Amino acid sequence: MATDSRQKPDNRRGANRSRSLLSDQARSYLGHHRKVARDSIQRMWRTPVASAMTWTVMGVALALPVALLLLLTSLQGVSAGWESTARITAYLAMDLPAEDARGMAAEIESDGRVVSVQLVERDQALADFRASSGLDEALDFLEENPLPHTLLITPEDSARSAEGVQALVTFVENMNGIDQVQVDLGWLQRLNAMTDILARAVWALALLLGAAVILVIGNTVRLAIENRRDEILVAKLVGGTDAFVRRPFLYTGAWFGLGGGLVAWLLIQVSLWWLSGPIERLAGLYRSEFTLQGPGFDGALALIIVAMLLGWLGAWVAVRRHLDDIEPGDIAGG
Amino acid sequence: MIEFRQVTKRYDSDHTALRAVNFHLDRGELAFLTGHSGAGKSTLLKLIMVMERPTAGEVIVGGQKLNSLPRRQIPYIRRHIGVVFQNHQLLFDRTVFDNVAMPLEVMGASPEDTGRRVRAALDKVGLLKKEKMNPMQLSGGEQQRVGIARAVVNKPPVLLADEPTGNLDPELSADIMRLFTQFSQVGVTVLVATHDIALINDMNRRTLTLNQGQLVAGGGVSGH
Ligand SMILES: Nc1ncnc2c1ncn2[C@@H]1O[C@H](COP(=O)(O)OP(=O)(O)O)[C@@H](O)[C@H]1O
Ligand SMILES: [Mg+2]
């Protein structure tokens, strides 16, 4: 009996026969996976409220870190944008004629540490301010233009270190006709440091919530295992392998993950839509290119795959802890 | 087909359920296992099913030494052993057909194969017409026969039964015994644990008798 594990109907036709048997087996193996997958979805539908609650818990736990990550990515995009245009702003003396300002611009531009110099003449500056600030009427009360000519100096990459920029600033400050020099770098570094801290916090949060998701699914699957104890016993009794017995629960975990991932995606999309108006206005005020980036198709796919993996993992933990303990030893009766 | 060599089973340090049990059952042999309650009948069957492992001695089924069998291999051994219990262990969340199909499902049989074999097994126990019913709708005797159909659906070479007639009336018990006899006639080794002495006397078969875990009769070479 130990020689022939499966009752093959007949073995008369040799190789052909065994090849078709193999493909039969592969087909029935896949068929079984399909059946188990379908069956575990149907079980989920049979308790819609409980399932929806699990999905929601999972969705919220996933949406939170993902939303923060998206925010972070958007912020990092902003600072990266600034970094590439990190520049020194030099305000010229109020009474300096435009002619002289142009001369100074040319002089600075010829310095080796400088890529480009843009001169914003005072009239232009006022017009820009008028357009962007919405203070049109207030500006009408001013008798004369309060803004000086401005030089926007973009340093060479090599001069963009803290010391390099400082040297450049000193050089510009010492020129005649300069009123004040400002550098964006200071708060750019601050923003970078902040996003670094934020990034770590978000990843820590993501880790914690990921663990929470695994525990939630683990507990849900543990209950499912308890509910199907008899079935597990019988399956083991008639020769079901561990893999066979585990399979429905692993699928259950993965489906919970899928549901949770979809809920998370939905929450994120709704929040994005809800926030997009105010953020656009805010970014407009700061003349920033800042936009809150959605997860996109790739991101959504990644989110759902990660969610399914977490669900599967949670189920696996529960199965390892509870299912392998169920042995038909005690059902034979005493 | 089934061989016990000096098998001892101790559940905890001082309680010995089986003591140095020796016997050998041939292919196609039908034997009874009897003894008082707590004599060790179920324990003996569980050792064959690898639901328990012996403390000492060797259990050999189909030429395979079960002691050295790794855990992973246990399911494959169980596929060769049909079991019937008093509390028939049917699942009430599925039809009679699906209950009987379980041993085939775990083996990954194709749907056509499953359908054919399940109907053959149900036909054998006379329940072909009830395949779509829920086992809950069946009488005790019918439920027991569903259990038997499930035990034999994949044509195992060994069939074990633990108190299969426990709460059935004598006529139904005789029915069940007739089924077991038929299986043994086609080469299945059948071992039936029961304390129903009347039934054993009717059948006039080899009887292994346990007393306090010791095999006191029927251990020698079979003589039916
Ligand atoms: N899982 C177990 N743990 C501890 N003792 C057990 C266990 N199963 C059975 N026993 C003991 O082993 C002895 C034999 O039990 P069992 O094989 O069930 O006897 P029978 O089936 O003949 O009534 C009994 O004394 C019983 O209490
Ligand atoms: Mg017993």
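In this text, all values refer to a predicted model and were calculated from it rather than measured experimentally. Every chain is numbered independently, its residues counted from 1 as its sequence is written. The order in which chains are written sets their letters, starting at A; the order in which ligands are written sets their numbers, starting at 1. Only residues with pLDDT of at least 70 are given local features in this predicted model, and only at 80 or more are side-chain atom pairs given and counted; all residues enter the totals for whole chains, interfaces and linings. Hydrogens are left out, water is left out, and the side-chain values use all remaining heavy atoms of the structure.

Turning our eyes to something else, we now look at the overall build of chain A. When helices and strands are tallied, chain A shows 10 helices and four strands. If you list the helices and strands of chain A from N to C, you get α-α-β-α-β-α-α-β-α-β-α-α-α-α. Only protein chains enter the accessibility calculation, which uses a 1.4 Å probe; a residue is then buried when its area is under 20% of its type maximum, exposed when over 50%, and partly exposed in between. Out of the 334 residues belonging to chain A, those deemed buried represent 38%. Every residue pair with non-hydrogen atoms within 4.5 Å of one another is taken to be in contact. For chain A, contacts bridging at least 24 residues in sequence account for 82% of all contacts bridging at least 6. Here the open area of atoms and residues is found with the Shrake-Rupley method and a 1.4 Å probe, where only the protein chains shown may cover a residue. Surface summary for chain A: the accessible area is close to 19300 Å², and the carbon and sulfur share equals 60%. What counts as a helix is a DSSP run of H or I of at least four residues, what counts as a strand is a run of E of at least two, and both are numbered from the N terminus.

Next up on the list: the overall build of chain B. Broken down by element type, chain B carries seven helices and 10 strands. Just to be clear, the radius of gyration here is over C-alpha atoms, and the globule rule we use is 2.2 Å times residues to the power 0.38. Since a compact globule built from 224 residues should have a radius of gyration of about 17 Å, the 17 Å found for chain B is in line with a globular shape. For chain B, with 224 residues in total, the buried portion stands at 56%. Contacts spanning at least 24 positions in sequence make up 68% of the contacts within chain B whose residues lie at least 6 apart. Positive charges come from Lys and Arg alone, negative charges from Asp and Glu alone, with His and the N- and C-terminal ends not counted. Think of each charge as sitting on NZ of Lys, CZ of Arg, CG of Asp or CD of Glu. The averaged location of the 22 negative side-chain charges in chain B is 6 Å from the averaged location of its 27 positive side-chain charges.

This next bit is on the confidence of the model for chain B. Confidence of the predictor at the level of single residues is captured by pLDDT, which takes values from 0 to 100. Taken residue by residue, chain B gives an average pLDDT of 89. The fraction at 70 or more is 98%. For this predicted complex, the interface confidence score (ipTM) comes to 0.89, while the overall pTM stands at 0.73.

So, on to unusual backbone geometry. Residue and element names in this part refer to chain B. Despite not being glycine, glutamate 163 has its phi angle at roughly 45°, a positive value. With respect to the helices and strands, glutamate 163 occurs in the loop between strand S7 (158–162) and helix H6 (170–185). A relative accessible area of 9% means that glutamate 163 is categorised as buried.

Across the contact, 29 residues belong to chain A and 35 residues belong to chain B. Buried area counts how much accessible surface, traced with a 1.4 Å probe, disappears from two parts once they are put together, with both parts' losses summed. Counting the surface lost from both chain A and chain B, the interface buries some 3000 Å², and carbon and sulfur atoms represent 57% of this. The term salt bridge refers to a side-chain nitrogen of Lys or Arg lying within 4 Å of a carboxyl oxygen of Asp or Glu. The tally of links between chain A and chain B comes to three salt bridges. The closest approach of N and O atoms between aspartate 242 of chain A and arginine 71 of chain B, which form a salt bridge, is 2.7 Å. Pairing of N or O atoms within 3.5 Å defines a polar contact, subject to two protein rules: one partner must be a possible hydrogen donor and the other a possible acceptor, and residues neighboring in sequence count only if both atoms are side-chain atoms. Linking chain A to chain B there are five residue pairs in polar contact (both at pLDDT 80 or more). Top contributing element to the side of chain A that touches chain B by residue count: helix H8 (residues 229–237) of chain A, with six residues. Each residue gets one label: Ala, Val, Leu, Ile, Met, Phe, Trp, Tyr, Cys and Pro are nonpolar, Asp, Glu, Lys and Arg are charged, and the others, such as Gly, are polar. Looking at the side of chain A that touches chain B residue by residue, the classes come out as 10 nonpolar, 10 polar and nine charged.

Residues and elements named next belong to chain B. DSSP bridges decide pairing: two strands pair if at least two such bridges lie between them. Reading across the sheet, the six strands line up as S6-S7-S8-S3-S9-S10 and stay open at both edges, with mixed pairing between neighbours. A single partner strand is all that each edge strand has here, and the edge strands are strand S6 (81–85) and strand S10 (214–217). Within this sheet the neighbouring strands show an average axis-to-axis angle of 20°, counted without direction. As defined by bridge partners, strand S3 (residues 30–35) adjoins strand S8 (residues 189–193) across four bridges and the pair is classed as parallel. When the bridges of S8 are listed, leucine 33 appears paired with alanine 193. Along the sheet, helix H5 (residues 140–152) contacts S6 and S7; its crossing angle with S6, the most-contacted strand, is approximately 170°. To define axes, lines are fitted to C-alpha atoms, for helices over the stretch in contact only, and angles between the resulting N-to-C directions are given on a 0 to 180 degree scale.

The subject of this paragraph is the pairing of strand S2 (residues 15–25) of chain B. All names here are of chain B. Inspection of the sheet shows strand S1 (residues 2–12) paired to S2 by seven bridges, in the antiparallel sense. The residue bridging arginine 10 from the neighbouring strand is threonine 16, located in S2. The turn linking S1 back onto S2 is made up of two residues.

Here we take up the site of ligand 1. All names here are of chain B. One heavy atom within 4 Å of a molecule or strand makes the whole residue count as near it. Inspection of the region around ligand 1 gives 12 residues, with His15, Gly38, Lys41, Ser42 and Thr43 positioned closest. Histidine 15 places a polar side-chain atom, nitrogen or oxygen, 2.9 Å from an oxygen atom of ligand 1. The protein chains hide 71% of the 560 Å² of surface that ligand 1 would expose on its own. Sorting the residues of the shell around ligand 1 by element identifies S2 and helix H1 (41–48) as the ones contributing at least two each. For the shell around ligand 1, the residue count by class is three nonpolar, eight polar and one charged.

Attention shifts here to the packing of aromatic side chains. Residues and elements named next belong to chain A. Planes of paired rings set the category: under 30 degrees apart is stacked, over 60 is edge-to-face and the rest tilted, where pairs are Phe, Tyr or Trp rings (Trp by its six-membered ring) whose centres lie within 6.5 Å. This model, assessed by the stated rule, comprises three aromatic pairs over all chains. When the centroid spacing of 6.2 Å and the interplanar angle of 35° are considered together, the rings of tyrosine 251 and tryptophan 255 count as tilted. Linking tyrosine 251 with tryptophan 255, this pair stays in helix H9 (residues 242–285), spanning four residues, or about one helical turn. Overall, the relative accessible area of 22% leaves tyrosine 251 in the partly exposed class.

Attention now moves to the sheet that holds strand S1 (residues 88–92) of chain A. Where strands meet in a sheet, backbone hydrogen bonds hold them as pairs that are either parallel or antiparallel. Residue and element names in this part refer to chain A. With antiparallel pairing, four strands are arranged side by side in an open sheet as S2-S3-S1-S4. Whereas interior strands pair on both sides, the edge strands pair on one side only; in this sheet they are strand S2 (114–120) and strand S4 (178–183). Neighbour-to-neighbour, the strand axes of this sheet turn through a mean angle of 20°, independent of strand direction. In this fold helix H3 (residues 98–109) packs onto S1, S2, strand S3 (150–155) and S4, with an angle of close to 170° to the strand it touches most, S2.

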